[in-house]
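One letter stands for each residue in the lines below.
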Amino acid sequence: MRIYLDHNATTPMRPEVLEAMRPYLEARFGNANSIHSWGREAKRALEEAREVIASALGARDKESIVFVSSGTEADNLALKGAAWAARGRGRHIVTSAVEHHAVINTCRSLEEQGFEVTHLPVDGEGLLHPDTVMRSLRTDTSAISLMHANNETGVIFPIAEVGHLARQRGIVFHADAVQTFGRLPVGVESLGVDLLSLSGHKIYGPKGIGALYVRPGTKMVPCMHGGQQERGRRAGTENIAAAVGLARAAELCVESMQLEAERVRSLRDRLERGILSRIEGARRNGHRERRLANTSNISFQGADEESLILALDLEGVAVAAGAACTSGSLEPSHVLEAMGRRPEIDGGALRFSLGAGTTEAEIERVLDLLPTVVERIRAAAGSSHPEPALTYR
Amino acid sequence: MGTRRRVVVAMSGGVDSSLAAALLAEQGFEVVGITLRLLPSRRAANDLERFDSCCSPRDVEDARLVASHLGVPHYVLNYEQEFDREVIGEFAAAYMGGRTPNPCILCNGRVKFGSLLRRALGLGAEFMATGHYARIDYDCKGGRYRLRRARDSRKDQSYFLYGLAQAQLARALFPVGEMTKEQVRERAAALGLKVAAKPDSQEICFVSGDYRSFLRERYGDRLRPGAIKDGAGKVLGQHQGLALYTVGQRNGLGIGGDGPFYVVRLDGKANEVVVGKADELLRREFVAEKPNFVAWDRLTEERPAHVMVRYRQPAAPADLIPLQGGQIRVRWREPQRLPAPGQAAVFYDASEPDLLVGGATVAQ
């Protein structure tokens, strides 16, 4: 039995989504910019998908949705586009220390181009306080970018409060909602955001598609130059099938959101309670209440996270930790570091992220397995081979 | 958990460890491949020479392909910091102190059969295998795991493994130790392994070219010039930092006179390189320290052995004499070139020349 508990990394596509996409991968292959009937067919599907996403976000104008290739591209377009467009106002950007690399590294690139970035700290439970945001704002602050919920811990940020603040000061506000869209109610009006990123493959939709909400009137320069697609905000032939898939996935997620969140929360809590009670030296990372219902991040004293992940993988259980780099090896988590966790003391941390396919039997199986796995790693780590004979110091 | 016995194979991406994985899978083990990333990938990617050396991105990719060909799981672990601390740092510290280190021995003891072996046991593996050319057997009478030279004497790597303790040997497997290099390549080709004809790795994996340039580049600020003197204390020239010299070295001294001169001693305290004529390098004995015995429990009385003080150099007959504080005096039967302090002196059984009895570090 293989058990997939890594839904914050990606999710399986729902059959309904594939069904919705299929015609646009086959007969309706048109280019939405063509004048002929193939083009019109594609254009209609694209605009219907746009409408669905806009309505899922509570956006009044469907033209506020820009389709892009990924959550990462949405973050890039939001940050670079807004920062450059607002550079007359100032060159100071506020973000947090625990953002996804799509935001952190985009900010880094902006820093190299003369922008100044403040990375706000979080507390030991991963929470960001609106006061912290307020105190960081300057007269030359032109943009704020914060994630709605953290991908590693699931901790939710006070987006609506910050949105209020940003609006008062006339600062462009971007929220990275890649982990929350489809899982929590995400309304661009209630959150008060100007820009909002979302992604298809986190919500049982296809990979290779994302969207950026752009509040009408928000000034933004494009990052991708070419044709006039997406009203000149994102050049490149539109991926109709993926946009249709994203829309269908969004509909399905929004429909079942409440029930699914409750179901997953009860499984997650069962998993977490089980781990914390059965394994000594295990500790939850992230605020207990203010986080996504599907995510549990736990540190295991005396065990390193690479061994934990490998050992579970060998038993067919998929979990995550830190951030995977291109070679597949792990880098330490900047999120847990910002929360004051130290791997040498607190041990390695695992992220369990549950999803639509997760069952009670799977949770029980993991609870049976995990204590043995952790114990074995701890025992081996503590076993000391004699000091090496050869030393030069 | 699984019913098959689990073994972690340290896969470098070369033909030897690739075949090791293949053979163990064939024998019915549950093989788990692990490749260690030892060097920063940035350096690896920017430097073409680097790209072909051990644990470059290409090697990681080769290991991944072999594992996937065999249908076994494969993981890449980042050991950059650990390797830098445990091996490169020690390597540099030795040279800075006027000694000649052996980084492969450090890596085997501390990284591969140190931290990686602990990892492997944590993953529920019973054994850890590598592509080393050496053999392990268990002596029921003495109750000890023993190391033997590889079947292919030209490829034998037992010299680099003398530092392994019993607990480490008990978990180690060297599946290619019984084969010649040609057999390994043939077998790898027959099994369809893409790396069958891949060239052998050479020299020290983190140094491309001359180790002196490496030390200059990374530790240049710690190099202090000083005097080159002869045995009588006469100054013959200037050296550029003790770390750049090795006992026995003849070239690159930059001194004239009635040579040729050889480095006979590196004096760390006085920061001096002491040189002499070839005959001054010939010695009847030397002292070695920090021994590790494999086939023997320890050395309590004088015993004969064949002693090897450099890799790929034949072992020469000598007597091992225990000294105070665990040191050993190695007395050659015939005078031999002075070994460089810091190098490994590895002892083989006098009557069973392929049996490794132990080894120690040449003292200063």
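Criteria and thresholds
- Residues numbered from 1 in each chain as written.
- Chains lettered and ligands numbered in written order.
- Predicted model: local features only at pLDDT ≥ 70, side-chain atom pairs only at ≥ 80, totals over all residues.
- Pairing = 2+ DSSP bridges.
- Helix = DSSP H or I, 4+ residues; strand = E, 2+ residues; numbered from the N terminus.
- Axes fitted to C-alpha atoms, helices over the stretch in contact; angles between N-to-C directions.
- Buried ≥ 20, exposed ≤ 12 C-beta atoms within 10 Å, placed from the backbone.
- Domains from an automatic or database assignment.
- Contact = placed C-beta atoms within 7 Å.
- Nonpolar A, V, L, I, M, F, W, Y, C, P; charged D, E, K, R; others polar.
- Core = buried A, V, L, I, M, F, W, Y, C linked by C-beta atoms within 7 Å.

Draft legend 1. A look at the pairing of strand β11 (residues 272–276) of chain B. All names here are of chain B. Pairing analysis gives three bridges linking strand β8 (residues 226–230) to β11, with the strands arranged parallel. Across the sheet, residue K229 finds its bridge partner in β11, namely V274. Note that strand β10 (residues 262–267) and β11 share five bridges and pair antiparallel. Across the sheet, D267 pairs through a bridge with E272, a residue of β11. Taken together, β10 and the strand that follows it, β11, pair antiparallel across an intervening segment of four residues, in which N271 is found at a positive phi of about 55°.

Draft legend 2. Here's a closer look at the sheet that holds strand β14 (residues 348–353) of chain A. Residue and element names in this part refer to chain A. Here three strands make up an open sheet; going across it, the order is β9-β10-β14 and the pairing antiparallel. If you trace the sheet from one side to the other, it starts and ends with β9 (282–284) and β14, each paired once. Neighbour-to-neighbour, the strand axes of the sheet open up by a mean angle of 30°, direction not taken into account.

Draft legend 3. A look at the pairing of strand β17 (residues 355–362) of chain B. Residues and elements named next belong to chain B. The buried count for β17 comes to eight of eight residues, which makes it a mostly enclosed element. Taken together, the five bridges between strand β16 (residues 344–349) and β17 define a ladder with antiparallel strand orientation. When the bridges of β17 are listed, A345 appears paired with A360. Counting the residues between successive antiparallel strands, the hairpin from β16 to β17 contains five residues.

Draft legend 4. Inspection of the domain arrangement of chain B at higher detail. Residues and elements named next belong to chain B. The domains assigned to chain B are domain 1 (6–190), domain 2 (223–276) and domain 3 (281–362). Between the C-alpha centres of domain 2 and domain 3 the distance comes to 27 Å. Between domain 2 and domain 3, the contact holds five residues from the first and five residues from the second. Classifying every residue of the side of domain 2 that touches domain 3 by side-chain character gives three nonpolar, two polar and no charged.

Draft legend 5. A look at the nonpolar core. Core analysis: the largest hydrophobic core is formed by 225 residues, its most contacted members being A:I53, A:A211 and B:A21. For this core, the leading source of residues is helix α8 (residues 240–278) of chain A, giving 15 residues. Leaving out residues up to four positions away in the same chain, A:I53 has contacts with A:I65, A:A211, A:L246, A:A247 and A:A250.

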